[in-house]
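# Observations on chain architecture
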Amino acid sequence: MPVFQELPLLGTERINRAYLRISVMAPELAEKCRPGMFFELKAGLPSQTRRLFKPISVFEASEGKISFLIKVVGPGTRALAELKPGEPLLLLGPLGNSFHLVKGQNALLVSGGIGYPPLAWLKRVLEPHNRVILVHGGSCAEDLFPCDRGYTLDGSSGDRGLVTQDIMDIIKTENIDIVYSCGPLPMLKALQACVGDLPHYASLEAYMACGLGACHGCAVPVGEGWQRVCKDGPVFAASLIRWEEL
Ligand SMILES: Cc1cc2nc3c(=O)[nH]c(=O)nc-3n(C[C@H](O)[C@H](O)[C@H](O)COP(=O)(O)OP(=O)(O)OC[C@H]3O[C@@H](n4cnc5c(N)ncnc54)[C@H](O)[C@@H]3O)c2cc1C
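Residues numbered from 1 in each chain as written. Predicted model: local features only at pLDDT ≥ 70, side-chain atom pairs only at ≥ 80, totals over all residues.

### Let's talk about the overall build of the protein
Put simply, the rule is: By definition, any uninterrupted DSSP run of H or I lasting at least four residues is a helix, any uninterrupted run of E lasting at least two residues is a strand, and each is numbered from the N terminus. As defined in this context, the radius of gyration uses C-alpha atoms, and a globule is described by 2.2 Å times the residue total to the power 0.38.
Counting its secondary structure elements, the protein contains five helices and 17 strands. Radius of gyration (C-alpha) of the protein: 17 Å, near the 18 Å computed for a compact globule of 246 residues. Viewed in the frame of its principal axes, the protein has a C-alpha envelope of about 50 × 40 × 35 Å.

Here it is, written out as structure tokens:
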């Protein structure tokens with residue numbers, strides 16, 4: 001059972017106007033992290049006392065250090081960005097399941113916006129045993145991160161358009177065996193429509209409150225019933241999701 005921890009922030013690195021990378025030293029927690037898992041995070045600042053924790057994916061866990069790549073979009077992520085090294089970061093995790101790992105496959109990883117962090121780590125984990133292509137898309141240049149093919153809606157970097165627009169071609173020309181994804185719901189839906197019968201593991205970005213499966217606020221239609229993104233996911237076999245109900 002994950003427990004709440006309060007750890008001093010190790011460091012903050014501004015990537016650009018919207019994104020930053022923060023890290024903590026937590027060897028015991030880092031050992032348990034796998035690509036796809038996330039933490040509920042909150043800045044240990046007086047302004048945040050009455051605010052909810054925010055789900056943030058593990059961007060990397062190695063040598064005892066856990067890193068998160070965060071886009072500042074509102075009060076919770078803004079407070080995380082304001083935290084200075086040495087100030088307290090409150091964490092609950094690692095939470096959720098992780099991506100199914102394979103060997104000897106041609107893997108296509110597709111991320112959109114803040115779906116990038118778990119797939120960037122997954123790429124590094126899969127690469128020694130597979131051929132891996134990471135395709136990433138965002139609104140503008142500041143949403144683009146290192147990848148094999150990048151797309152922006154405004155055309156300011158990479159190809160202009162949606163990250164899903166060339167997927168059918170890529171699947172065919174690269175002889176793709178398996179697809180992994182993380183990003184906004186419309187992107188995941190469009191992607192599932194392109195992948196056909198290929199195995200596809202999608203990590204869902206649902207709104208969530210407790211992060212522990214207690215409140216059922218993040219339930220999504222899967223199989224014959226409903227499953228909680230925080231506890232049963234965030235990674236699901238995409239073929240089991242009832243996309244038409246989302
Ligand atoms: C499993 C999971 C992993 C995530 N990993 C990351 C990560 O690695 N890095 C990162 O920057 N963000 C990640 N997020 C999204 C992050 O949790 C939200 O951006 C954050 O909670 C926003 O909090 P806030 O208080 O700053 O803004 P809020 O005021 O809560 O929201 C600001 C804006 O963001 C939108 N928003 C908030 N939460 C979500 C959500 N879950 N899905 C879609 N839109 C949302 C709101 O509609 C609003 O428009 C993840 C979400 C989930 C569910």
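### Some thoughts on unusual backbone geometry
Cis geometry marks the peptide bond from Gly93 to Pro94, where omega comes out at 5°. You can see Pro94 is positioned in strand 8 (residues 88-95). The omega angle of the peptide bond from Gly233 to Pro234 is 10°, so this bond is cis rather than trans. Along the chain, Pro234 falls in the loop between strand 16 (225-228) and strand 17 (235-237). One non-glycine residue, Asn175, adopts positive backbone phi at about 55°. Within the secondary structure, Asn175 sits in the loop between helix 4 (167-173) and strand 13 (178-183). For His216, which is not glycine, the phi torsion reads 60° and is therefore positive.

### What about the nonpolar core?
The condition is simple: Each nonpolar core comprises buried Ala, Val, Leu, Ile, Met, Phe, Trp, Tyr and Cys residues, the members being joined through C-beta atoms within 7 Å. Whether a residue is buried, exposed or partly exposed follows from its count of other C-beta atoms within 10 Å of its own C-beta, namely 20 or more, 12 or fewer, or something in between, respectively; the C-beta atoms are built from the backbone. Segmentation into domains, and thus their bounds, comes from an automatic or database assignment. Once C-beta atoms have been placed from the backbone, residue pairs whose C-beta atoms lie within 7 Å are recorded as contacts.
Among the nonpolar cores identified, the biggest contains 62 residues, and Leu41, Val58, Leu109, Val110, Leu119 and Tyr180 are the most heavily contacted of them. Among the elements that take part in this core, helix 3 (residues 116-126) stands out by supplying six residues, more than any other. Lining this core are residues from two domains, each supplying at least three of them: domain 1 (4-95) and domain 2 (106-245). If we ignore the near neighbours within four places in the chain, the residues touching Leu119 are Leu109, Ser111, Leu134, Tyr180 and Cys182.

### Considering the site of the ligand
Rules: Only the C-beta atom, placed from the backbone, is used; a residue is near a molecule or strand if that atom lies within 6 Å of it. Residue polarity is assigned by list, with Asp, Glu, Lys and Arg as charged and Ala, Val, Leu, Ile, Met, Phe, Trp, Tyr, Cys and Pro as nonpolar; anything else, Gly included, falls into the polar class.
Around the ligand, the surrounding shell holds 21 residues, and the nearest of these are Lys54, Ser57, Gly74, Gly76 and Thr77. Every element with two or more residues in the shell around the ligand is listed here: strand 5 (54-57), strand 7 (65-71) and helix 2 (75-82). Its residues placed into classes, the shell around the ligand shows 14 nonpolar, four polar and three charged. Domain assignment of the residues forming the shell around the ligand places at least three in each of domain 1 (4-95) and domain 2 (106-245).

### A word on the domain arrangement of the protein
Per the domain assignment, the segments of the protein are domain 1 (4-95) and domain 2 (106-245). Centre-to-centre separation of domain 1 and domain 2, based on C-alpha positions: 22 Å. Of all the elements in the fold, those that place two or more residues in the side of domain 1 that touches domain 2 are strand 4 (38-43), strand 5, strand 7 and strand 8. Tallied by class, the residues present in the side of domain 1 that touches domain 2 amount to 12 nonpolar, three polar and four charged.

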